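# Descriptive structure summary
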Amino acid sequence: RAAATTGSAAAPGTGSAQAGRAAACQGCPNQGLCAAGAAGPDPAEAAELRARLRAVRHTVLVLSGKGGVGKSTFSALLAHGLAADETKQVALLDIDICGPSIPKMMGLEGEQVHQSGSGWSPVYVEENLGVMSVGFLLSSPDDAVIWRGPKKNGLIKQFLRDVDWGEVDYLIVDTPPGTSDEHLSIVQYLSATHIDGAVIVTTPQEVSLQDVRKEINFCRKVKLPIIGVVENMSGFVCPKCKNESQIFPPTTGGAEKMCQNLGVSLLGKVPLDPAIGRSCDRGQSFLAEAPESPATLSYRNIIQRIQEYCEQHHLQEEKIM
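Residues numbered from 1 in each chain as written. Predicted model: local features only at pLDDT ≥ 70, side-chain atom pairs only at ≥ 80, totals over all residues. Heavy atoms only, no water.

This paragraph deals with the confidence of the model for the protein chain. Scored by pLDDT, the protein chain has a mean of 88; 88% of the residues are at 70 or more. Here residues 1-8 is a poorly scored stretch, pLDDT under 50, and it has 22 contacts once near neighbours within four places are set aside; other chains count. (pLDDT = per-residue confidence, 0-100. Contact = heavy atoms within 4.5 Å.)

Put into structure tokens, the structure is as follows:
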């Protein structure tokens, strides 16, 4: 529940003793809660969340500072890529409350959530790939969700506490752009269990990187590990002449230079491929439809790096315990 930056003073972050009390916290709607020490779930709530999520082995948040950089597309393809291993159980949680695009991308538009004795049941793409989104709760995909923060936060908590996720190897959380209510809530609620880390998606141009720097700063303030950065739409190779064009020129060195400056990992660069958008519109996996595409090869390398990070993080946690 960090406040926004006021002037040159940065918000202290939710874990600070100055949370809600610093000058930068003035005017933040969550100031009172932070000052009262409500940055984390209460013990009873934390116990509920731990009980529900105890069988989730790895949790990965997908973030972006700016909209339109392909974050939901990356989340969907990350889920598809991980679920290609039939021995792994994968769950994709869409907490973009006002712009839920995951149902469309996963070919689940028009599906509805079913209630069982053990809670809400995810909607399944494959036997080992389940999805949950507010899009399944709307009567029409064109319905607008016009909610204030507390109602959005309540639904996120409900998704974590009331959905029967079962045994899950990877829980992928697709978030909206920015560093606001939904991001604070998911980090707060998952603090009762564990988060492996965040993958941050950007495009090469400075206007996107500027917001990604804010996202990295957010992660550091709320003590959310950063798995790495993915540069999406990184050049376009013409399928006929094979010449590469920079659709979004990296005027300040792109994600690679930014990662070097900020000390974070660059997981990879995904070239722009119009077929990715067409696959998403049809609700199909681009990775399966175009297995030899340069973009698919890049995605597979990135997914492998995320898996390696998660396994290493898991081993480190076991040593601490």
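For the rest of this paragraph, the subject is the packing of helix H5 (residues 149-162) against helix H6 (residues 181-190). Two numbers describe how H5 lies on H6: the axes approach to 9 Å, and their chain directions differ by 35 degrees. When you trace H5 past H6, the crossing you get is right-handed. Contact residues: H5 offers Gly149, Lys152, Asn153, Ile156, Lys157 and Leu160, while H6 offers Asp181, Glu182, Ser185, Ile186, Tyr189 and Leu190. (Axes fitted to C-alpha atoms, helices over the stretch in contact; angles between N-to-C directions. Helix = DSSP H or I, 4+ residues; strand = E, 2+ residues; numbered from the N terminus. Left-handed = near helix turned anticlockwise from the far one by under 90°.)

Where the residue is not glycine, phi is negative for most of them; where a peptide bond is considered, it is trans in most cases. Positive phi outside glycine occurs at Lys223, with the angle close to 60 degrees. Here Lys223 lies in the loop between helix H7 (206-221) and strand S9 (226-231). You can call Lys223 exposed: its relative accessible area is 65%. For Met233, which is not a glycine, the phi torsion comes out positive at approximately 55 degrees. As for its placement among the helices and strands, Met233 is situated in the loop between S9 and strand S10 (236-237). (Buried < 20%, exposed > 50% of the residue type's maximum accessible area, 1.4 Å probe, protein only.)

Let us look at the packing of aromatic side chains. Counted by the stated rule, this structure contains 2 aromatic pairs. Measuring from ring centre to ring centre gives 5.8 Å for Phe74 and Tyr299, while their planes differ by 25 degrees; the resulting arrangement is stacked. Note that Phe74 is positioned in helix H3 (residues 71-83) and Tyr299 in helix H11 (residues 294-320), a separation of 225 residues in sequence. (Phe/Tyr/Trp six-rings, centres within 6.5 Å; stacked < 30°, edge-to-face > 60°.)

Quick look at the pairing of strand S6 (residues 129-133) now. Where burial is concerned, most of S6 is hidden: 5 out of the 5 residues are buried. Side chains of S6 alternate between two faces, with Leu129, Val131 and Ser133 and Gly130 and Met132 buried alike. As paired elements, strand S2 (residues 90-94) and S6 share 5 bridges and run parallel to each other. Opposite Val90, over in S6, you have Leu129 as the bridge partner. In this sheet, S6 lies alongside strand S5 (residues 123-126) in antiparallel orientation, the contact comprising 3 bridges. Looking across to S6, one finds that Val123 is bridged to Val131. (Pairing = 2+ DSSP bridges.)

Our focus in this paragraph is the side chain of Ser279. Along the polypeptide, Ser279 turns up in helix H9 (residues 274-282). Contact partners of Ser279, with chain neighbours within four places excluded, come to Gln284, Phe286 and Glu289.

Let's shift gears to a negative patch on the surface. A contiguous patch of negative charge on the surface is contributed by Asp85, Glu86, Glu126 and Glu127. Here Glu127 shows up in the loop between S5 and S6. Judged by its relative accessible area of 76%, Glu127 falls in the exposed class. (Patch = residues over 30% accessible without salt bridge, like charges linked within 9 Å, V, L, I, M, F, W, Y side chains within 5 Å. Areas by Shrake-Rupley, 256 points an atom, 1.4 Å probe, with all protein chains shown as cover. Salt bridge = Lys/Arg side-chain N within 4 Å of Asp/Glu carboxyl O. Lys, Arg positive; Asp, Glu negative; His and termini not counted. Charge placed at Lys NZ, Arg CZ, Asp CG, Glu CD.)

What follows is about H5. For H5, which comprises 14 residues, the first-to-last C-alpha distance of 19 Å matches the rise-based estimate of 20 Å (1.5 Å per residue) to within 8%. For H5, the full list of buried residues reads Gly149, Lys152, Asn153, Leu155, Ile156, Lys157, Phe159 and Leu160. (Expected span 1.5 Å × (residues − 1).)

Pairing in this open sheet of 8 strands is mixed, and the strands run S5-S6-S2-S7-S1-S8-S9-S12 from one edge to the other. Every interior strand has two partners, whereas the edge strands, S5 and strand S12 (266-269), have only one. Strand-to-strand twist in this sheet, taken as the mean axis angle between neighbours without regard to direction, amounts to 20 degrees. Where strand S1 (residues 56-63) meets strand S8 (residues 197-202), 4 bridges bridge the pair, whose relative direction is parallel. For Leu61, the partnering residue across the bridge sits in S8 and is Ala198. Set on the sheet, helix H8 (residues 254-262) makes contact with S8, S9 and S12; between it and S9 the angle comes to about 155 degrees.

It is worth spelling out helix H2 (residues 43-53) at this point. Looking only at H2, the buried set comprises Glu45, Ala46, Leu49 and Leu53. Along H2, the residues classed as buried sweep out an arc of 100 degrees about the axis, all on the same side. Seen from the open side of H2, the exposed residues pointing more than 90 degrees away from its buried face are Pro43 and Ala44. Elements that come into contact with the buried residues of H2 comprise S1, H5 and H6. The residue sitting at the N-terminus of H2 and contributing the capping side-chain oxygen is Asp42; that oxygen lies 3.1 Å from the backbone nitrogen of Ala44. (Arc of directions from axis to C-beta. Polar contact = N/O pair within 3.5 Å; in protein donor to acceptor, adjacent residues only side chain to side chain.)

Let us look at the side chain of Ser293. Locating Ser293 in the fold gives a position in the loop between helix H10 (286-289) and H11. On the accessibility criterion, Ser293 (9% relative accessible area) is buried. Among the polar contacts listed, one links the side chain of Ser293 to the backbone nitrogen of Ala295, at a separation of 3.1 Å. Contacts of Ser293, omitting those with residues within four sequence positions, involve Asp273 and Phe286.

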